[in-house]
Amino acid sequence: MIVSVILIPFITGILVPVIPFRKRWQKEVFLETAVVLNSILVWFLLLHHSDSTFLLAHFTGNLNISFRVDGMSMVFAGLVSALWPFATLYAFEYMTKEEHENVFFLFYTLTYGVTLGIALAANLLTMYFFYELLTLVTVPLVMHTLTREAVLASRKYLYYSLGGAAFAFLGLIMVIVYGSTTDFILGGVLDPAKTAGKTNVLLLIYVMAFLGFGVKAAVCPFNAWLPQAGVAPTPVTALLHAVAVVKSGAFAIIRLTYYSFGTDFLKGTWAQYAVMSVVMFTIVYGCSRAVKETHLKRRLAYSTISNLSYILFGAVIMTPLGLVGALTHLVFHAVMKISSFFCAGAVMHQTGRHYVHELNGLGYKMPRVLGIFTISALALMGVPGLAGFVSKWNLAGAAAESGNPLAFGGIACLLVSALLTAIYMLTIVVRAFFPGKDFDYRTVSDIRDPNWKMLLPLFVFSIFIILFGVYSQPVVDFFMSVATGVV
Amino acid sequence: MYLILLSILFPAAAGLFLLIRGRTPLSGEKGNTDRKTLLALTGCFLVITASLVFASLLTVKEGFTLFFLTKTLPIYFRIDGVGRLFSLLAVIVLPCAGFFSFAYMKHEERESRYYGFYLLVFGVLNGLCFAGNLITFYLFFELLTLSSMPLVLHSGSKEAVMAGLKYLFYSLCGAYAALFGIYFLYQNCDSLTFTTDGALRASAITQQGGFLLLTAFVMLLGFGVKAGMFPMHAWLPAAHPVAPAPASAVLSAVIVKAGVLAIIRVLAMFGKDFLRGTWVQSGWIILTLVTVFMGSLLAYREPVLKKRLAYSTVSQISYILFGLAVMDETSFTGALFHVLAHGFVKAALFLCAGAIIYKTGKTRVEEMRGIGKEMPLTMWCFTIASLGLIGIPPTGGFVSKWYLALGSLESGLPVFGVLGPVILLLSALLTAGYLLPLTIHGFFPGADYDYGSLQKKEPCKLMTVPVFILTFLSVLIGLFPNLVDGIIVMAAARR
Amino acid sequence: MNFICNIPFFSILLSLFSGTVCSVLSAKAAKIVNRVVILAVGLMSAILLLYLLSTGESFIYWMGHFPAPWGNEIRAGVLEAGMALFFCIIMYLSMAGGAHKLPGEVVESKHNLYYILVNLLLSSLLALVYTNDMFTAYVFVEINTISACGLIMIRQVGRTIEAAVRYMIMSLLGSGLLLFGLCIMYDLTGHLLMSNIKESVGLIVANGEYQIPLIVSVALMCTGLCIKSALFPFHAWLPDAYGYSTVSSAAILSSLVSKGYIFLLIKIIYRVIGFSVFNSTRMIDVLFVFGLMGMIFGSLSAIKENDVRRMIAFSSVAQIGYIYMGFGMGTQAGMVASIFHILSHAATKSLLFIAAIGLTDVSGGSRRFADLTGSAYRNKWAGVAFTAGSLSMVGVPLFSGFISKLLFAQAAVQVEGKMLASLIVLGISTVLNAVYFMKTVIRIYTATTETPYEGITFRHMKAYAVTLVFFILLNVILGVSSQPVVDMIGQGLAMFA
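As the structure is a computational prediction, the values presented were derived from the model and not from experiment. (Residues numbered from 1 in each chain as written. Chains lettered and ligands numbered in written order. Predicted model: local features only at pLDDT ≥ 70, side-chain atom pairs only at ≥ 80, totals over all residues.)

### Observations regarding the overall build of chain B
In plain terms, the rule: Helix and strand labels come from DSSP, where a helix needs a run of H or I of at least four residues and a strand needs a run of E of at least two; each type is numbered from the N terminus. Only C-alpha atoms enter the radius of gyration; for comparison, a globular chain is expected to reach 2.2 Å times N to the power 0.38, where N is the number of residues. Counting other C-beta atoms within 10 Å of each residue's C-beta, where C-beta atoms are placed from the backbone, gives the exposure class: buried for 20 or more, exposed for 12 or fewer, partly exposed between. What counts as a contact here is a pair of residues whose C-beta atoms, placed from the backbone, lie within 7 Å.
Helix and strand counts for chain B stand at 19 helices and 2 strands. Over its C-alpha atoms chain B spans a radius of gyration of 22 Å, differing by no more than 12% from the 23 Å that the globule rule assigns to 495 residues. The burial tally for chain B puts 62% of its 495 residues in the buried class. Pairs at least 24 apart in sequence give 82% of the contacts found in chain B among residues at least 6 apart.

### So, the overall build of chain A
Counting secondary structure elements, chain A contains 20 helices and 2 strands. The C-alpha radius of gyration computed for chain A amounts to 21 Å, which stays within 12% of the reference 23 Å derived for 487 residues, consistent with globular compactness. Considered along the principal axes of its C-alpha atoms, chain A spans approximately 75 × 55 × 45 Å. Evaluated residue by residue, chain A yields a buried proportion of 67% over its 487 residues.

### Regarding the packing of helix H2 (residues 24–47) of chain A against helix H4 (residues 101–120) of chain A
All names here are of chain A. This is how the line gets drawn: A fitted line through C-alpha atoms represents every axis, and for helices the fit uses only the stretch in contact; the resulting angles, taken between N-to-C directions, go from 0 to 180 degrees. Each angle is binned into one of four classes, with values under 35 degrees roughly parallel, values over 145 roughly antiparallel, values of 65 to 115 roughly perpendicular, and all other values oblique. In this count, Pro and Cys sit with the nonpolar residues alongside Ala, Val, Leu, Ile, Met, Phe, Trp and Tyr, while Asp, Glu, Lys and Arg are called charged and the others, Gly among them, polar.
Where H2 meets H4, the closest approach of the two axes is 12 Å, and the angle between their N-to-C directions is 5 degrees. It follows from the interaxial angle that H2 and H4 lie roughly parallel. The segment H2 lies against H4, with Leu31, Val35 and Val42 engaging Phe105, Thr109, Tyr112 and Leu116. In terms of residue class, the contact of H2 with H4 is built from 6 nonpolar, 1 polar and no charged.

### Some remarks on the pairing of strand E2 (residues 73–76) of chain C
Residue and element names in this part refer to chain C. Worth spelling out the cut-off: Two strands are counted as paired when DSSP detects at least two bridges linking them.
Residues Glu73 and Arg75 point to one face of E2 and Ile74 and Ala76 to the other, with burial holding for every one of them. As paired strands, strand E1 (residues 59–62) and E2 are joined by 4 bridges and run antiparallel to one another. In the sheet register, Ile60 faces E2, and the bridge partner there is Arg75.

### So, the interface of chain A and chain C
Taken together, the contact pairs 25 residues of chain A with 24 residues of chain C. Broken down by secondary-structure element, the contributors of at least two residues to the side of chain A that touches chain C are helix H5 (124–142), helix H6 (148–178) and helix H8 (199–216) of chain A.

### Some thoughts on the arrangement of the chains
Between chains A and B lies the most contact-rich interface of the 2 pairs of chains that touch. One finds no contact linking chain B with chain C; the least C-alpha distance across the pair is 40 Å.

### Looking at the interface of chain A and chain B
Between chain A and chain B, the contact holds 28 residues from the first and 30 residues from the second. Elements with a contribution of two residues or more to the side of chain A that touches chain B: helix H17 (387–402), helix H18 (405–433) and helix H20 (473–483) of chain A. Element by element, the count of residues in the side of chain A that touches chain B is highest for H18(A), at 10 residues. When the residues that make up the side of chain A that touches chain B are grouped by side-chain class, the tally is 20 nonpolar, 6 polar and 2 charged.

### Examining the confidence of the model for chain B
This is how it is decided: Each residue carries a pLDDT score, the predictor's confidence in it, ranging from 0 to 100.
With 95% of its residues at a pLDDT of at least 70, chain B reaches an overall mean of 84. A low-confidence stretch, residues 25–29 of chain B (pLDDT under 50), is modelled with 7 contacts involving residues beyond four sequence positions or located in other chains.

### Structural notes on H4(A)
Applicable threshold: Given the number of residues in a helix, its expected span is that number minus one, multiplied by 1.5 Å.
Across its 20 residues, H4(A) extends 29 Å between first and last C-alpha, which sits within 8% of the 28 Å expected from 1.5 Å per residue. The buried fraction of H4(A) is high, at 17 of 20 residues.

### Overview of helix H11 (residues 247–273) of chain C
All names here are of chain C. Which entries qualify depends on this criterion: The bend at a residue is defined as the angle formed between two axes, one fitted to the seven residues ending at that residue and one fitted to the seven starting there.
Taking 1.5 Å of rise per residue, 27 residues should cover 39 Å, and H11 covers 37 Å from first to last C-alpha, within 8% of that figure. Along H11, the sharpest change in direction is near 40 degrees and occurs at Leu253. For H11, the tally of buried residues reaches 27 of 27 residues, placing the bulk of the element in the interior. Taken from the residues just after H11, Gly274 is the one with a positive phi, measuring 95 degrees.

### Quick word on the environment of Ser376(A)
Residues and elements named next belong to chain A. Structurally, Ser376 can be placed in helix H16 (residues 367–381). The buried category is assigned to Ser376, around which 27 C-beta atoms lie within 10 Å. As for Ser376 and Asp449, which are separated by 73 residues in sequence, their C-alpha atoms are 17 Å apart.

### Focus on the domain arrangement of chain B
Residues and elements named next belong to chain B. To keep it simple, the criterion reads: Where a domain begins and ends is set by an automatic assignment or by a domain database.
According to the domain assignment, chain B contains domain 1 (1–273) and domain 2 (276–495). The C-alpha centroid of domain 2 is placed 22 Å from the C-alpha centroid of domain 1. Each side of the interface is counted separately: domain 1 has 47 residues, and domain 2 has 50 residues. Mapped onto the side of domain 1 that touches domain 2, the elements with two or more residues apiece are helix H3 (81–104), helix H7 (202–226), helix H8 (235–242), helix H9 (245–270) and helix H10 (272–275). It is H3 that contributes the most residues to the side of domain 1 that touches domain 2, 15 residues altogether. Looking at the side of domain 1 that touches domain 2, its residues break down into 33 nonpolar, 9 polar and 5 charged.

### What about unusual backbone geometry?
The backbone phi angle of Ala218(A) is positive, close to 55 degrees, even though this residue is not glycine. Mapped onto the elements, Ala218(A) comes out in the loop between H8 and helix H9 (225–228). Positive phi, normally seen in glycine, also occurs at Met327(B), with a value near 60 degrees. On the secondary structure map, Met327(B) appears in the loop between helix H12 (305–326) and helix H13 (329–360). Its 20 C-beta neighbours within 10 Å are what place Met327(B) among the buried residues.

### Re the packing of helix H1 (residues 4–18) of chain A against H2(A)
All names here are of chain A. As a packed pair, H1 and H2 sit with axes 9 Å apart at the nearest point and diverge in direction by 175 degrees. Put simply, H1 runs roughly antiparallel to H2. Contacts between H1 and H2 involve Val5, Ile8, Pro9, Thr12 and Val16 from the first element and Lys27, Leu31, Ala34, Asn38, Leu41, Val42 and Leu45 from the second. Per-class residue counts for the contact of H1 with H2 are 9 nonpolar, 2 polar and 1 charged.

### Description of the environment of Thr145(A)
Residues and elements named next belong to chain A. Structurally, Thr145 is set in the loop between H5 and H6. A tally of 16 C-beta atoms within 10 Å means that Thr145 is categorised as partly exposed. It is 22 Å that separates the C-alpha atoms of Thr145 and Ser340, two residues lying 195 residues apart in sequence. Not counting residues up to four positions away in its chain, the partners in contact with Thr145 are Ala150 and Val231.

### Brief notes about the pairing of strand E2 (residues 73–77) of chain B
Residue and element names in this part refer to chain B. Along E2, 5 of the 5 residues are buried, which leaves the element largely enclosed by surrounding structure. Burial along E2 is two-sided: the residues Leu73, Ile75 and Phe77 and Pro74 and Tyr76 are all buried. Where strand E1 (residues 64–70) meets E2, 5 bridges bridge the pair, whose relative direction is antiparallel. Paired with Phe67 across the strands is Ile75, a residue of E2. Between E1 and E2, which pair antiparallel and follow one another directly, the connecting turn spans 2 residues.

Shown next, in the form of structure tokens:
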């Protein structure tokens, strides 16, 4: 069962180029059905999970490839499987204007399975395995257009990701050697008897592994790949580079911090301060770059960089509340960012405009798309009543509660970043809706909102943004139970 | 409870309705008939909202929780004394300026957008005044910024857009600084519901006192942005002049006061006893005094009328803040009184300026020689309102400044107790210096003025009546301070 | 004594004689003989391996039944048999993968010469693996050198001759040093058989005499073999030799010849000097440092390279660095990791060489990256194989490279002083590997429209494609079910002692 949800996307993906579809709609129906079915299966699995570990294979020594559903997996798998059907629906429409669809959908669907693999992995090795795999199956997606730009971007993506994994690997080794097991256990698995006297080395390796996994989560010195990877088709940038791939990085870091090294071991050490400073810097850095960037998707990519570090900031507070904050932002940011990316994609798809300064006056011609964009912008800023506020509240609350002086500074970073977010998001909104006195409306006369396949996901996401904003309690309660190990 | 909700949601919904309805730019014949229905609708909405607010002010006593944002964050509404006072100001100024706009906005485009946001602002302001805890307040504070920004950049000129963005970013910056404090208040208070005498846990004060002081200061600075306090006042003179005159009136008279309201709330949350005598208080007083003096000085040097009024707002709001910073009952009363007095006066002044611009197109002070001959009614109102701002006895401004100075002297603060009133006086002199020349040159243009070309340019009733009402009110509260006192005493003592 | 115990001797002789026989056969027959011999030896080694695993102990085979210290001995343990089997597999696959290129690379008349050399090489490798006698080892080292030179030179292009001369000089220097070391050792102990030397060395160490000559001897032997196996500062001969020789030669040279020397070194360490004695010398630190440097500098050179085969060749320098790093750790775990890496690298590197040739073939024979653009679409099998090899090199799970990395890292953690250095270098080296291999992979998968080169389909390269599939399978098997192999290595090392 648990393996089947990983395998179904694999099989579906491979079947796409194999089955000779006569009409395009047949392919669409096939894919969408498969994806939706798989999502339903995932949710069923999550809701009826048992605590047992499913052992797929012995790898080497005492290392296994095995899967298990625990609280964290429920969060991430649930998130991914909820978003994927919508993103696929959106991709159908978007990809009408791109070439080699089959290859695209092959890897797009494969990625679904791999991401679920990361989410459901029961131990560090399995997660690492799928983590590497994720890099590989997403490269063709980045390369999709095969322009020089795309090739350079995917090259960079590969270097960064594989390089990062190399250092994350060191963390894996440490856990293998110094831990009692590699399984994920909340509170960490390091064996105090083995680690005695080696604390500093372990901390150093932790920092390196953090940065290694942090590559996918676009932590500061290693963030350059993400904006460049924006050359990929928008469904990819939206789902993978705002949710699946980058959040896998964040997810991996949470696993590493809370479930492998353990917060008791790390809390209050120099390693915590080191990673926290990196994260805080990234929060501000990402935003500032976003403000400077004029390419719409790249701007959103920089925004993602900063927001990912929000999640990591929550994670490195290393308290249950911090984890709650991180998880809240993990989920809520996914909804907000995918929504804004889809809006950007819709604009590009309908108008072919890519730069912020070309968006003048579009608000009158695409009111639905840009209206939803505005909602997501406000949510990202953290306006109360929308999802972003709740997650920031949880993050900042956790930081304030932790009593860690650096975390107080982190709150300040969050707020500076919120301001910068306002700057880079609202300038777009203002341009779209208030193009200025001498704006010539003829330039936008033949532009209109996209069709329902694009709009439906947008509407659903915006509803969720608002819903999470005003009524987040059950979700946050669930995160709380995850963070305290109840689930 | 439904009254409160209605008075928030109705104008907001009405505003959204107007926004959605009038998407295309108005033009031609059809535009004219459209305009009439638009105005009628807006008028109705304004009146209904105002009556709703009055009704809730009079009848609602109990607070209620609407829903929980997160487990521990209720969206909670309650009408208390301070809220009532500010709501009163809003509910008078907004319809007045609204009706004024009916005439004024004739020469601007895209009216439905303007009215849409105007009504939105109205609803948000009501929410702000009725908010019963810090989170609800913060919610509406952010929304206020967002919904009032389109009013600033309404004209769509490059300058206006830049000013609008500046306003937005300054305000958000302030709001986030305040949010920083809210996070820590939340950690160190049992609840964020507004109180009168400090909500901090005693243990928190002993353990983290120093840090909490810093937090308080950051919050004061943050909310002070909206109130145009010194280091972050630059948005105000940029935003006010480019906005349409009635919008500037609302901004200056009411929206800026949201910052004041916020600071009153913060003060209450931290508790005066906690802040009194600390570096936070002295730092804050210094900032307000600097702002008072600097604002007046800049206004004195400013040739453009609306900009001059904007600087004047900077200075006057800090009168209020000074009154709060002294943390004395009397000065607190003075501050609250000044909220009303300045609100009415400044709205009247801006509307006058708007009328002048509308009729003559003149924006600079030196162009306005003989304006009193052209528009006597308007200029009379302008003069009376100016006197109110300077603080000449029969007007409200006198009463408030009296209380402010008295409170400051009573407070027994080492230096500022005396220095404060001195600076207030100096600033009053400067106020006279920058406002009265208009009256003087307006009515007495001098021997070389060409009476031949003089023609009556008195604006229509839609413009003059709101100005009258506001001027009248500013004098009324000066003549019968007890009318207001009831509310203020209630606000000062049992909020 | 069981008949199976004759297998080591038989296989050496079989390959030696078949080499001689080849000289009188036609090219085609020589090819068949060659293949059959490799297969036969492989089969025999497999049987031997099974036998050894079942008995669980090694045996010593007296040549001509002369007992020590007069006779010449052959020794077979699990490790030896496994190594022989593995070498045969790789060699067979390499020959099969490069066969279709041979007519173009080597003049027709020299084909049987080519097979002679290959057979000789095989015999010398087997001898290096099985021998229990230092002098025999030296003799076959020389045979190995000569046949390797021949293999490089047989493709008569200017560059290969230069490369062969260079290889010859460096190799002879290496053998010379080995011989020196051997002489000193003989002087010290009076023995040539490994087991006897070890006993005497134990005595010498216990008595505390002749410390310096002993160390000098060890150092000389190590250095000699290091030069021959192209450890970092002595790698200058390698890129040309591997880069310009025929495909099969390159694959065999890089994955087998240097590994043969390394295996000999392991044998010397365990069987001649003794593991603990060796560890007490400073040699391991030296090896460790040069290993680390090789890992970095080899990769750096590979990044700069603009010729795909030279790039792969430089990558070998880095990989050999890994192996020596494992030696340098001076622990059993490090040694296991190194030996596993010998296997994994052999499997991967030959795969890469063979796959690269498929790619260059469809790019007009050019090895420059610019021309390789999109070649994976023109030759899909080679593209997939190259990608698999690259991923293994980078250490992606499922492939053998990951396991060796895992073993190295686990071994490193147990060594107090060298842990951080090795872990960090391991990380950096992986990054560098990723850079040049992934660059190439992306390059070959970048479609171009204006390419002048024809593609090739499965029908025209059946043998080649099948070979590639086998290579990939081998790699994946090593990557997925590594535990038996690792156990076997452990068992074999235990038999050494």
